[in-house]
Amino acid sequence: MQLSFTYEANPGRTIFAPGSLASLGDELTRLGFSRALIICTPPQRDLAERINAMLGDRSAGIFDGALMHVPFETVVACRDVALKSLADCTVAIGGGSTTGLAKALALEDGLPIVAVPTTYAGSEMTPIWGMTKDRRKVTGRDKAVLPKTVIYDPELLVSLPASITGPSGLNAIAHAVEALYAPEANPITSLMAEEAIRAIGQGLPKSIETPNDIGARSSTLYGAWLAGATLGMVGMGLHHKICHTLGGTFDLPHADVHAIVLPYVAEFNASAAPGAMARVAMALGGLAASDAGRCLYDLRRKTCPKQSLASLGMAQSDIRHAAELASAGSYPNPRIASADDVERIIIEAFHGLQP
Ligand code: NAD
């Protein structure tokens, strides 16, 4: 067997167990932190209050203003609270929006993060940060934003509504699918990616049917952890390019867009990355690379309430413009995609067709 690869792991400690939120205080002690600012979105205030009570005088208070796409004004407001409360770290409890805000403070002010993810987005495992200023999202990679410790407690996912659970799980699978054909893919990231797809494929439908099934939530969260880790180690391709364009320029919801677009990009890439797409298909019960798109489509049908870009409110008249934006610039992908190719993919996604 001829092999040639470079593997670079990201630093960080992961704790995974039902009920592991209870170990947060011990973890702060272990890391030498004594005043944690708890960050969350407005709807997750109750959970933040629970943590605040648990930490007692080791809490520097709560900032509950985290928002999607990390607006710069929110970063300024959160920094102000962190400075006034003499916080020496943040505890980011929530999804990608909350982790994103904590990362902005880590990047700009050096405040270390302990992350407690409550969606399957996977941001907590990546050095990727993003901030939105004057309606423009700037992103970058910096290991300084990696959380010191990530605490995965599947019990915290029980409250995630089905409308977010399904798309969030598919969003995680999208990281793993593109990791399998990334130029930097290596035996470890590929093992992680395939296992991520299998674990989410098994856990996600059950998490929708029985939201408080801790086994199903654990399987999905375990897959999301692996998928996030691959996103943190290799570059993403056409799928992420299309989704960032649709999310950023047309203001469509992040996870739903990923769930809807993924089967069509998988179908498009299948002939150019047969080995990777065969692994995707087999992880989801298919037999060959050509099944990958349909397997992802079937999983989406079973788990996601929204099945088309039209149902997310995208205007049909925006499709061509979106295709031109998404096909511009360079990005790694196993198959070159022209603006016409991308337009075809977006049209399929617009109508939610079977690949
Ligand atoms: P989100 O963080 O915006 O959360 C979606 C909603 O779910 C919010 O209203 C939140 O309050 C609620 N919620 C979260 N967990 C819950 C729970 N357990 N129970 C009930 N409600 C809950 O959405 P997301 O999809 O997790 O993150 C999306 C953002 O993350 C996007 O801005 C995306 O760009 C970013 N992201 C970044 C990376 C990265 O590596 N930097 C990776 C993935 C996503």
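So, how was this worked out
Residues numbered from 1 in each chain as written. Predicted model: local features only at pLDDT ≥ 70, side-chain atom pairs only at ≥ 80, totals over all residues. Heavy atoms only, no water. UniProt positions renumbered as here; feature names shortened; annotations may be inferred. Helix = DSSP H or I, 4+ residues; strand = E, 2+ residues; numbered from the N terminus. Domains from an automatic or database assignment. Contact = heavy atoms within 4.5 Å. Buried area = accessible area lost by both parts, 1.4 Å probe. Salt bridge = Lys/Arg side-chain N within 4 Å of Asp/Glu carboxyl O. Polar contact = N/O pair within 3.5 Å; in protein donor to acceptor, adjacent residues only side chain to side chain. Nonpolar A, V, L, I, M, F, W, Y, C, P; charged D, E, K, R; others polar. Buried < 20%, exposed > 50% of the residue type's maximum accessible area, 1.4 Å probe, protein only.

### Comments concerning the UniProt feature "domain: Fe-containing alcohol dehydrogenase-like C-terminal" (unreviewed entry) in the protein chain
As recorded in UniProt, the sites labelled "domain: Fe-containing alcohol dehydrogenase-like C-terminal" (unreviewed entry) are residues 168-349. Along residues 168-349 one finds 70% helix and 0% strand; the C-alpha atoms at either end are 17 Å apart.

### So, the UniProt feature "domain: Alcohol dehydrogenase iron-type/glycerol dehydrogenase GldA" (unreviewed entry) in the protein chain
In the numbering adopted here, UniProt assigns the feature "domain: Alcohol dehydrogenase iron-type/glycerol dehydrogenase GldA" (unreviewed entry) to residues 11-154. Secondary structure over residues 11-154 splits into 32% helix and 28% strand, and the C-alpha atoms at its two ends are 22 Å apart.

### Here's the deal with the domain arrangement of the protein chain
Here the protein chain is partitioned into domain 1 (13-157) and domain 2 (162-351). Between the C-alpha centres of domain 1 and domain 2 there is a distance of 26 Å. Contact with domain 1, which involves 18 residues of that partner, is made by 22 residues of domain 2. With both sides pooled, the region where domain 1 packs onto domain 2 buries about 1700 Å², and carbon together with sulfur makes up 69% of that total. Among the residues domain 1 hides against domain 2, the three largest losses belong to F16, Y120 and M125. Together they make up 38% of the total. Inspection of the region where domain 1 meets domain 2 yields zero salt bridges. On the surface where domain 1 and domain 2 come into contact, there are eight residue pairs in polar contact (both at pLDDT 80 or more). Its residues assigned to classes, the side of domain 1 that touches domain 2 comprises eleven nonpolar, four polar and three charged.

### Looking at the pattern of salt bridges
Taken as a whole and assessed by the stated rule, the structure comprises 16 salt bridges. Between R30 and E27 there is a salt bridge whose closest N-O contact spans 3.1 Å. With R30 and E27 both in helix α1 (residues 24-31) and three residues apart, this pair spans about one turn of that helix. As a salt-bridge pair, E195 and R198 come within 3.7 Å of each other at their nearest N and O atoms. Here E195 pairs with R198, and both are found in helix α6 (residues 187-209), just three residues apart, close to one helical turn. Take E195: its relative accessible area is 28%, and that puts it in the partly exposed class. Overlapping salt bridges, with partners in common, bring together E194, E195, R198 and R279 in one network.

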